[in-house]
Amino acid sequence: MRCEQADEMLTARLDGRLSDDEEAALSAHLAECDRCRAEWHRLEALDALLAAAPTLPAPAALSTRVLARLERREQVRRLLVGGLALVLGTVSLAALALAPVLTDLLNAVGLLTLLLTGGLTTLGNLLAVLLVRFAVPLVALFTVSLLLALALNGLWLGAVRRIRV
Ligand SMILES: [Zn+2]
């Protein structure tokens, strides 16, 4: 018998799955092969160790703690989604509320009239007017929306952090 064959039979011997002929052949090999005999003793010792190891029951509170943590994570996720929706909705409302103001402002500076009557002839002319007359209200609108969104985000992050503790 070769060592590779013996190796394959060692675990089968541990499990008691060897026929009488195989058992006899393996025993003969182990009697004359130091390497395989050492491997057999190592396997036997490992098997005995595993058999003697006590099976530890899971701590009773573990599943409760895991479930509680999962529930809290789900709560936080819902809060974050809700907060994001609130911020987006508020920004949209603010933009809607500010839109008439912006339109009034543009009317006041006469740009809509210019656009409607074709008073802007060249592209450069149009760009210059757009830059001068749109830049200030757009920057103001953007800043207000950004500050609003940041403030609402801060409020929601605070609420989420309180729940987490
Ligand atoms: Zn061998």
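Re the overall build of the chain
Then step 1. Within the chain, the regular secondary structure consists of six helices and zero strands.
Then step 2. In the chain, the succession of helices and strands from N to C terminus is α-α-α-α-α-α.
Then step 3. Expressed as a percentage of the 165 residues in the chain, the buried residues total 17%.
Then step 4. Contacts in the chain between residues far apart in sequence, at least 24 positions, make up 60% of those at least 6 positions apart.
Then step 5. By element, 67% of the accessible surface of the chain is carried by carbon and sulfur atoms, the whole surface being about 12,100 Å².

A word on the packing of helix α2 (residues 20-32) against helix α3 (residues 34-52)
Then step 1. Two numbers describe how α2 lies on α3: the axes approach to 6 Å, and their chain directions differ by 110°. On the basis of the axis angle, α2 is roughly perpendicular to α3. Judged by the twist between their axes, the crossing of α2 over α3 is left-handed. For the pair formed by α2 and α3, the contact residues are H29, L30, A31 and E32 on the first element and D34, C36, R37 and W40 on the second.
Then step 2. Among the residues making up the contact of α2 with α3, the classes are represented as four nonpolar, one polar and three charged.

Section: the confidence of the model for the chain
Then step 1. In this model, the chain carries a mean pLDDT of 81, and residues with pLDDT of at least 70 account for 85%.
Then step 2. Here helix α5 (residues 111-116) is the element of the chain with the lowest mean pLDDT, 64, and α2 is the one with the highest, 95.

Observations regarding the coordination of the zinc ion
Then step 1. Coordination sphere of the zinc ion, protein contribution only: C3 (SG), H29 (NE2), C33 (SG) and C36 (SG), at 2.0 to 2.3 Å.
Then step 2. Accessibility expressed as a relative area gives 25% for C3, which makes it partly exposed.
Then step 3. For C36, a relative accessible area of 0% gives the class buried.

Re the environment of A95
Then step 1. Relative to the helices and strands, A95 is located in helix α4 (residues 60-108).
Then step 2. Each C-alpha atom of the pair A95 and L141 lies 7.7 Å from the other, and the pair is 46 residues apart in sequence.

Comments concerning a nonpolar patch on the surface
Then step 1. On the surface, L62, V66, L67 and L70 cluster together into a nonpolar patch covering about 350 Å² of accessible area.
Then step 2. By relative accessible area, L70 is classed as partly exposed at 47%.

A closer look at α3
Along an α-helix, residues three or four positions apart point the same way, because every turn accommodates 3.6 residues.
Then step 1. In this model α3 runs 27 Å from its N-terminal to its C-terminal C-alpha over 19 residues, within 8% of the 27 Å that 1.5 Å per residue would give.
Then step 2. Turning to α3, its buried residues number three or more, namely C36, W40 and L43. Viewed end-on, α3 has its buried residues packed into an arc of 65°, placing them on one side of the element. Residues of α3 that are exposed and angled more than 90 degrees away from the buried face: D34, L49 and A52.
Then step 3. At its buried positions, α3 is contacted by α1 (3-14) and α2.

Reading guide: rules and limits
Residues numbered from 1 in each chain as written. Predicted model: local features only at pLDDT ≥ 70, side-chain atom pairs only at ≥ 80, totals over all residues. Heavy atoms only, no water. Helix = DSSP H or I, 4+ residues; strand = E, 2+ residues; numbered from the N terminus. Buried < 20%, exposed > 50% of the residue type's maximum accessible area, 1.4 Å probe, protein only. Contact = heavy atoms within 4.5 Å. Areas by Shrake-Rupley, 256 points an atom, 1.4 Å probe, with all protein chains shown as cover. Axes fitted to C-alpha atoms, helices over the stretch in contact; angles between N-to-C directions. Parallel < 35°, antiparallel > 145°, perpendicular 65-115°, else oblique. Left-handed = near helix turned anticlockwise from the far one by under 90°. Nonpolar A, V, L, I, M, F, W, Y, C, P; charged D, E, K, R; others polar. pLDDT = per-residue confidence, 0-100. Donors = N, O, S within 2.8 Å, 3.2 Å for Na, K, Ca; no water. Patch = residues over 30% accessible without salt bridge, like charges linked within 9 Å, V, L, I, M, F, W, Y side chains within 5 Å. Salt bridge = Lys/Arg side-chain N within 4 Å of Asp/Glu carboxyl O. Expected span 1.5 Å × (residues − 1). Arc of directions from axis to C-beta.

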